[in-house]
Amino acid sequence: MDLFDKIKKAEYLQEARIAIDQGIYPFFLPLEETEGTEVIINGRRLIMLGSNNYLGLTTHPKVKEAAIKAIKEYGTSCTGSRFMNGTLKLHKELEEKLAEFLHKEAALVFSTGYQTNLGTISALIGKGDIAITDKEDHASIIDGCRLSQGEMRRFKHNDMEDLEKVLASCPDNAGKLVIVDGVFSMAGDIAPLPEIVKLCEKYGARLMVDDAHSIGVLGDHGRGTANHFGLEDKVDIIMGTFSKSFASLGGFIAGDEEVIFYIQHTARSFIFSASMSPANTAAALAALEVMQEEPERIDHLWKIANRMREGLKSLGFDIGNSCTPIIPIYIRDRWKTIYMWKELFDLGVYCNPVLPPGVPPNQSLLRTSYMATHTEEQIDRALEIFEKAGKKVGII
Ligand code: PMP
């Protein structure tokens, strides 16, 4: 059999070709210009409701300046692993400041958030250990578990009875790590950490929280989900990325010094990959400073997200259990989701369709997300567009 036969047979690729032919293919669209909340695509200006730039810092003068200065001082790349020639003073400074910010003993930065989960989880879960994950955890968590020598067991999304069932089914002598997203990247709901912590304590499991969408969004000055619930000392490992609120690229973990030291010496995606670039590291450092200096950004982000959430709900859209600046619109039917996306696009709103195989077949949705730099006028304009498009496609 020819290895490439499966490419011709893949149904979702055939559907992608149909969408391309019909001019309604929603992926890989190049942005010609972006100023954060508005972008130019195909020569047309659109309100951006699909970015993870929660604090709007990709265009903050201090963050841009820091990246430029780092290139001038260190050049464009570290051209090596952190283990070898790839560690800069900037990386150490970022790790120290992050640990301080998150009230943990130590932190370690990776080149992407994806690599952070991949390396950390596969290093921690050895033979006989069990990773216990929420069914809506991010793909990088699942891939980290798959790469490990241990086992993965999954519980129903945010379902504490099911988590307890899974924990109770694990042998006492297995090392156990519960891994959840703090804010779930598609549903925009929050993990119930107080209950999760109680169950972890009852069954002797360690807890890791992926705060990719929570840092800069939840908690005091954006310290994340554990801080939001007053549980910083109960979460063993806080993971985050620099590709969202930090307006950069990279990822990190924070925890006890002993654990961080272990991961630093065992995580293969950390050891066998070049380190964060000077510009990315300096941008993340500057963003961390802005987070602490300008907390009003977080207040405005919530004001904008709450206005949109209420608006979408009162128009009759199904937004599930969202309670954060990530607001999904569940349409469930794949083609209707694409038609709605195209209608919004033509009327001046950009958002992200999420389709199978990325989600289960009946879960197709449009993912919208908000920024501290959105104006109330942009939100009102977007709501008008959602109403028009929703009625035309027959969703509301
Ligand atoms: N965790 C979660 C919850 C995410 O949403 C993402 C990215 N969307 C990642 C990890 C990976 O981060 P990065 O994009 O920085 O690789």
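Cut-offs and rules
Residues numbered from 1 in each chain as written. Predicted model: local features only at pLDDT ≥ 70, side-chain atom pairs only at ≥ 80, totals over all residues. UniProt positions renumbered as here; feature names shortened; annotations may be inferred. Helix = DSSP H or I, 4+ residues; strand = E, 2+ residues; numbered from the N terminus. Rg over C-alpha atoms; globule rule 2.2 N^0.38 Å. Buried ≥ 20, exposed ≤ 12 C-beta atoms within 10 Å, placed from the backbone. Contact = placed C-beta atoms within 7 Å. Pairing = 2+ DSSP bridges. Axes fitted to C-alpha atoms, helices over the stretch in contact; angles between N-to-C directions. Parallel < 35°, antiparallel > 145°, perpendicular 65-115°, else oblique. Left-handed = near helix turned anticlockwise from the far one by under 90°. Domains from an automatic or database assignment. Nonpolar A, V, L, I, M, F, W, Y, C, P; charged D, E, K, R; others polar.

As annotated in an unreviewed UniProt entry, the protein chain carries the name 2-amino-3-ketobutyrate coenzyme A ligase and comes from Dictyoglomus thermophilum. In its Sequence similarities (unreviewed entry) section, UniProt records this for the protein chain: "Belongs to the class-II pyridoxal-phosphate-dependent aminotransferase family." Turning to the protein chain, the UniProt record has this under Cofactor (unreviewed entry): "pyridoxal 5'-phosphate".

Enquirer: Explain the overall build of the protein chain residue by residue, including any values.
Expert: Counting its secondary structure elements, the protein chain contains 15 helices and 14 strands. Since a compact globule built from 396 residues should have a radius of gyration of about 21 Å, the 21 Å found for the protein chain is in line with a globular shape. Taking the principal axes of its C-alpha atoms as reference, the protein chain extends roughly 55 × 55 × 50 Å. Residues counted as buried form 49% of the 396 residues belonging to the protein chain. When contacts within the protein chain are restricted to residue pairs at least 6 apart in sequence, long-range pairs at least 24 apart make up 71% of them.

Enquirer: Any details on the sheet that holds strand β4 (residues 106-110)? Residues and values, ideally.
Expert: If you walk across this open sheet you meet the seven strands as β4-β10-β9-β8-β7-β5-β6, and the pairing is mixed. On the outer flanks of this sheet lie β4 and β6 (151-155), each paired with one strand and no other. Strand-to-strand twist in this sheet, taken as the mean axis angle between neighbours without regard to direction, amounts to 20°. Packing against the sheet, helix α7 (residues 160-169) makes contact with β5 (130-134) and β6, and its axis sits at approximately 155° to β6.

Enquirer: Describe the pairing of strand β9 (residues 237-241), and please don't skip the residues or the numbers.
Expert: Among the five residues of β9, five are classified as buried, and the element is accordingly described as predominantly covered. Every second residue of β9 is oriented toward a common face, with Ile 237, Met 239 and Thr 241 on one face and Ile 238 and Gly 240 on the other, all of them buried. Pairing geometry for β9 and strand β10 (residues 251-255), over four bridges, is antiparallel. Across the sheet, Thr 241 pairs through a bridge with Gly 251, a residue of β10.

Enquirer: Before we move on, could you go through the packing of helix α14 (residues 334-347) against helix α15 (residues 376-393) and cite the residues and values that matter?
Expert: The geometry of α14 relative to α15 is characterised by a closest axis approach of 9 Å and an angle of 140° between their N-to-C directions. When the interaxial angle is binned, α14 and α15 end up oblique. Crossing geometry of α14 relative to α15 is assigned as right-handed. Facing Lys 336, Tyr 339, Met 340, Glu 343, Leu 344 and Leu 347 of α14, the residues of α15 in contact are Ile 385, Phe 386, Lys 388, Ala 389, Lys 392 and Val 393.

Enquirer: An account of the domain arrangement of the protein chain is requested, with residue identities and associated values reported.
Expert: Looking at the assigned domains, one finds that the protein chain contains domain 1 (5-30 + 295-393) and domain 2 (60-293). On a C-alpha basis, the centres of domain 1 and domain 2 stand 27 Å from each other. The interface of domain 1 with domain 2 comprises 16 residues on the first partner and eleven residues on the second. Those elements that place two or more of their residues in the side of domain 1 that touches domain 2 are α13 (296-315), β11 (326-332) and β14 (364-369). At three residues, the largest contribution of residues to the side of domain 1 that touches domain 2 is made by β11. Split into classes, the residues belonging to the side of domain 1 that touches domain 2 amount to eleven nonpolar, four polar and one charged.

Enquirer: Can you break down the sheet that holds strand β2 (residues 38-41) residue by residue, with the values?
Expert: Across the sheet, which stays open at both edges, the four strands sit in the order β1-β2-β3-β12 with mixed pairing between neighbours. The open sheet has two free edges, formed respectively by β1 (33-34) and β12 (349-350), since each of these has just one partner strand. Bridge count between β2 and strand β3 (residues 44-48): four bridges; the pairing is antiparallel. The residue of β3 that forms the bridge with Ile 41 is Arg 44.

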